[in-house]
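Residue-level structure breakdown
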Amino acid sequence: DRYKEHWIELPLAVLDVIAEEKLLARAEVLGQATRQHLAAFAADRGLRPIGHVRGPGAMVAFDLLKAHGSDELDPVAAQGVVKRAHALGLVVLGCGNYGEAIRLLYPLTISDAVLDEGFALLREALRPGWVARTPRWSRRRRAAPSPAPTRSGRSIARRARSMAELGAAPRV
């Protein structure tokens, strides 16, 4: 009930912060920097071919192409770049009707140094020849699957062990 009187104040406060911190201008600066980096990546023949850079301000997407100078989309390469970026610690989003695009979206308060570090990681992710490998920790021998869980989410065997430790007969 106490918010009914002030329902309009929060959105107006958000607009004030956007104006005070000049976030719209910052979005344009970030968008221009992103487009410059992506133009350099598109011109680099040592990287996977990209094109169709689009998006307003700092929210930018680009497509991965089958070959430099081609308009043919390559969704398999895009998915590989997304996986490679994640392996390097960079979060990018795959998107598009066929998964052929990569979307970049970062906070408007990002520092220029962190932005440059992210583009260095993206450049590394765009290098061809990378094959997704299973992480070492997931190649370990795994234990046999536990029994089916009960309604409470704990397995019957685990419940029996814990009850036995308490000296009580297990309920099944």
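See the structure shown above.
The structure contained in this document is the topic of the report that follows.

Criteria and thresholds
- Position labels on residues start from 1 in each chain and follow its written sequence.
- In keeping with the model being predicted, local features are shown solely for residues with a pLDDT of at least 70 and side-chain atom pairs are shown and tallied solely at 80 or more, while totals for entire chains, interfaces and linings include all residues.
- Side-chain calculation: all heavy atoms of the structure are included, whereas hydrogens and water are not.
- Residue burial is assigned from relative accessible area. The probe radius is 1.4 Å, only protein chains are included, and a residue is buried under 20% of its type maximum, exposed over 50%, and partly exposed in between.
- Strands are runs of DSSP state E lasting at least 2 residues, helices are runs of H or I lasting at least 4, and numbering of each runs from the N terminus.
- Paired strands, as defined in this entry, are two strands with at least two bridges between them according to DSSP.
- Within this scheme the basic residues Lys and Arg register as positive and the acidic residues Asp and Glu register as negative, but His and the chain ends are omitted.
- Whenever Lys or Arg places a side-chain nitrogen within 4 Å of a carboxyl oxygen from Asp or Glu, that contact is recorded as a salt bridge.
- A contact between two residues is defined here by any heavy atoms of the two lying within 4.5 Å.
- Identification of polar contacts relies on pairs of N or O atoms within 3.5 Å, with a donor-acceptor requirement for protein atoms, meaning one able to donate a hydrogen and the other able to accept it, and with residues adjacent in sequence counted only if both atoms are side-chain atoms.
- Axes here refer to lines fitted to C-alpha atoms; in helices the fit is confined to the stretch in contact. Angles between the N-to-C directions go from 0 to 180 degrees.
- In what follows, roughly perpendicular refers to angles from 65 to 115 degrees, roughly parallel to angles under 35, roughly antiparallel to angles over 145, and oblique to any angle outside these ranges.
- By the definition used in this description, the sense in which the near helix is turned from the far one sets the handedness, with an anticlockwise turn below a right angle giving left-handed and a clockwise turn giving right-handed.
- Three categories are distinguished: nonpolar for Ala, Val, Leu, Ile, Met, Phe, Trp, Tyr, Cys and Pro, charged for Asp, Glu, Lys and Arg, and polar for the others, with Gly belonging to the last.

Most of strand E2 (residues 60–64) is tucked away, with five of its five residues classed as buried. Here E2 shows two buried faces, one formed by Val60, Phe62 and Leu64 and the other by Ala61 and Asp63. Note that strand E1 (residues 50–54) and E2 share three bridges and pair antiparallel. Residue Ile50 lies in a different strand from E2, and its bridge partner there is Leu64. Between E1 and E2, which pair antiparallel in sequence order, lie five residues; one of them, Gly55, sits at a positive phi of approximately 125°. Examined bridge by bridge, E2 and strand E4 (residues 101–104) share four bridges and lie antiparallel to one another. Within E4, the residue paired with Phe62 across the bridge is Ile102.

As a further point, take the side chain of Glu100. Checked against the element boundaries, Glu100 lands in the loop between strand E3 (93–95) and E4. Buried charged residue Glu100 carries no salt bridge. Nearest counter-charge: Arg54, at 5.1 Å. Apart from the residues lying within four places of it in its own chain, the contact partners of Glu100 are Phe62, Asp63, Leu64, Leu73, Pro75, Ala78 and Cys95.

As for its position among the elements, Asp74 is in the loop between E2 and helix H3 (75–88). No salt bridge is formed by the buried Asp74; the nearest opposite charge belongs to Lys66, separated by 4.2 Å. A polar contact of 3.3 Å, which involves the side chain of Asp74, links it to the backbone nitrogen of Ala77. Not counting chain neighbours up to four residues away, the residues in contact with Asp74 comprise Leu64, Leu65 and Lys66.

Right, let's get into the sheet that holds E4. Read across the open sheet, the four strands follow the order E1-E2-E4-E3; overall the sheet is antiparallel. One side of each edge strand has no neighbouring strand; the edge strands of this open sheet are E1 and E3. Adjacent strand axes in the sheet meet at a mean angle of 30°, parallel and antiparallel pairs treated alike. Lying on the sheet, helix H2 (residues 23–43) is in contact with E1, E2 and E4; it crosses E1 at an angle near 165°. Most of the contacts of H3 go to E4, to which it runs at about 35°, and overall it touches E2, E3 and E4.

What follows is about the packing of H2 against helix H4 (residues 112–125). Put simply, H2 and H4 touch, their axes get as near as 11 Å, and they point 30° apart. As summarised for this structure, H2 and H4 are arranged roughly parallel, according to the angle between their axes. H2 and H4 meet at a crossing whose hand is right-handed. Note on element contacts: H4 touches H2 through Asp112, Leu115, Asp116, Phe119, Leu122 and Arg123, opposite Arg26, Leu30, Ala33, Thr34, His37, Leu38, Ala40 and Phe41. Along the lines of polarity and charge, the residues of the contact of H2 with H4 split into eight nonpolar, two polar and four charged.

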